[in-house]
Amino acid sequence: PPRSTLFPYTTLFRSQFSGFALTLNGTLEIESSGIFNWVSGSLTGVGTNLTGTILVDASGNMLMNELGSMTLRNCLLTNAADGTLTWSNTGTVFMGYNAQIANNGNFLIVGDGELGPLPNGTPGYGLAAVYNFSLLQKKSGATNSATIINVPFHDSSLVKARSGNLKFSAGGDMTSTWSVADGATIQMTGGNFSSLAVTFSGLNGTNGLVTLASGATLTIPATNNFVNVTADCIFQQLGGT
């Protein structure tokens, strides 16, 4: 309808999904000023590959607030430039059947949860990935817990850990800057990581800590690729290769 006092320009439109399954054979679009709150259930395409799309527009907001089991199957979740994807759950968001998260905006982590594969032996197991083309930022979390990204993580922009622990447990590619605040950590705990050009640094002049743990491999594939550790960052190899 035409805009009026019932639909002012400041109105926010909110939708909440907490059902058993939402099947996408097309695009679920979260428009500017819209909020889609995913609290439980499965978001799934109709086949065994990427047949569903979830698109967060510029100034749109998607929240992942785990109150029950959550699964992303054969869907591409795309956070557009200036869109916001906020993940605050403390459970596991299972991903499979080539499910992908592609972040082109702000991916904010404000809790301690896991992005993980479907259970081993489940159809679609092991087919999932996260791509960061803009900013992935862990803003808060418990000091004795961690956010775990247990699917391959491919990063070409910026990763920040402001608080708590951020663990990458399934390898991936790095061509960016990973910044860590004092008291926080970024940890590579498993999988094969390939550094095309990554810089580990402190955040805002503080002393950050990046660790390579047993079970992880960090490879510099060619002479024009590098790992750079700045003066305000500590890199510890606790294990791995």
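It should be noted that the structure appears before, not after, this text.
Report on the accompanying structure. The residue numbers shown here count from 1 along each chain, following its written sequence. Owing to the predicted nature of the model, reporting of local features is limited to residues with pLDDT of at least 70; listing and counting of side-chain atom pairs is limited to 80 or more, with chain, interface and lining totals taken over all residues. Working from all heavy atoms in the structure, the side-chain values ignore hydrogens and water.

## Some points on the overall build of the chain
Thinking step 1. Only runs of H or I of at least four residues qualify as helices and only runs of E of at least two qualify as strands under DSSP, and these elements are numbered from the N terminus. A tally of regular secondary structure across the chain gives zero helices and 29 strands.
Thinking step 2. In this setup the radius of gyration rests on C-alpha atoms only. A globule is expected at 2.2 Å times the number of residues raised to 0.38. Since a compact globule built from 241 residues should have a radius of gyration of about 18 Å, the 18 Å found for the chain is in line with a globular shape.
Thinking step 3. A principal-axis box enclosing the C-alpha atoms of the chain has dimensions of 60 × 45 × 35 Å.
Thinking step 4. Exposure classes here rest on a 1.4 Å probe applied to the protein chains alone. A residue is buried below 20% of its type maximum, exposed above 50%, and partly exposed in between. Expressed as a percentage of its 241 residues, the buried residues of the chain come to 47%.
Thinking step 5. The contact definition used throughout considers only heavy atoms, calling two residues in contact when any of these lie within 4.5 Å. When contacts within the chain are restricted to residue pairs at least 6 apart in sequence, long-range pairs at least 24 apart make up 54% of them.
Thinking step 6. Accessible area of the chain: about 10,600 Å², with a carbon and sulfur share of 52%.
Thinking step 7. Asp and Glu count as negative and Lys and Arg as positive, but His and the ends of the chain are not part of the count. The location of each charge is read from NZ of Lys, CZ of Arg, CG of Asp or CD of Glu. Averaging the positions of the 8 positive and the 11 negative side-chain charges in the chain gives two centres separated by 6 Å. Working definition of accessibility: Shrake-Rupley area with a 1.4 Å probe, residue cover restricted to the visible protein chains.

## Notes on the packing of aromatic side chains
Thinking step 1. Ring pairs shown here join Phe, Tyr and Trp side chains whose ring centres sit within 6.5 Å, with only the six-membered ring taken for Trp; geometry is labelled stacked below 30 degrees between planes, edge-to-face above 60, and tilted in between. Within the structure shown, the criterion is met by seven aromatic pairs.
Thinking step 2. Measuring from centroid to centroid gives 6.5 Å for Trp87 and Phe107, while their planes differ by 40°, and the two rings are tilted. Taken together, the positions of Trp87 in strand S10 (residues 84-87) and Phe107 in strand S13 (residues 106-109) put the pair 20 residues apart, joining distant regions of the chain. Each member of the pair Trp87 and Phe107 is classed as buried.
Thinking step 3. Put simply, the rings of Phe153, Phe168, Trp178, Phe200 and Phe235 touch in pairs and so form one group of aromatic residues.

## Points about the environment of Phe107
Thinking step 1. With relative accessibility at 1%, the residue Phe107 sits in the buried group.
Thinking step 2. Along the sequence, Phe107 and Ser163 sit 56 residues apart, while their C-alpha atoms lie 15 Å from each other.

## Re the pairing of strand S19 (residues 158-161)
Consecutive residues of a regular strand have side chains that alternate between opposite faces of the sheet.
Thinking step 1. A pair of strands counts as paired when DSSP detects no fewer than two bridges linking them. Of the strand pairs in this sheet, strand S16 (residues 135-138) and S19 are connected by four bridges, and their pairing is parallel. By the bridge assignment for S19, Leu136 is matched with Val159.
Thinking step 2. Of the strand pairs in this sheet, S19 and strand S22 (residues 177-180) are connected by four bridges, and their pairing is parallel. Bridge pairing links Val159 to Trp178 in S22.

## So, the pairing of strand S11 (residues 92-96)
Thinking step 1. Relative to S11, strand S8 (residues 70-73) is paired through four bridges, and the arrangement is parallel. Along S11, the bridge assignment pairs Met70 with Val93.

## Some details on the pattern of salt bridges
Here the idea is simple: oppositely charged side chains can pair when their charged atoms come close.
Thinking step 1. Whenever Lys or Arg places a side-chain nitrogen within 4 Å of a carboxyl oxygen from Asp or Glu, that contact is recorded as a salt bridge. Within the structure shown, the criterion is met by one salt bridge.
Thinking step 2. Its salt-bridge partner being Asp112, residue Lys138 comes within 2.9 Å of it at the nearest N-O pair. Of this pair, Lys138 sits in strand S16 while Asp112 sits in the loop between S13 and strand S14 (114-117), and the two are 26 residues apart along the sequence. When sorted by exposure, Lys138 lands in the same class as Asp112, which is buried.

## A look at the nonpolar core
Thinking step 1. Judged by nonpolar contacts, the single largest core of 48 residues is most densely connected at Trp38, Met62, Leu72 and Trp178.
Thinking step 2. The contacts of Trp38, once residues within four sequence positions are left out, are Phe17, Leu43, Met62, Leu63, Met64, Asn65, Met70, Thr71, Leu72 and Val93. Nonpolar core, defined: a set of buried Ala, Val, Leu, Ile, Met, Phe, Trp, Tyr and Cys residues in which side-chain atoms within 4.5 Å join the residues together.

## Points about unusual backbone geometry
Thinking step 1. Of note in the backbone geometry, Ser59 takes a positive phi value of approximately 70° without being a glycine.
Thinking step 2. The topology assignment puts Ser59 in the loop between strand S6 (52-56) and strand S7 (61-64).
Thinking step 3. Under the relative-accessibility criterion, Ser59 is labelled partly exposed at 42%.
Thinking step 4. Here Asn98, not a glycine, exhibits a phi torsion of approximately 65°, which is positive.
Thinking step 5. With respect to the helices, strands and loops of the structure, Asn98 is situated in the loop between S11 and strand S12 (99-103).

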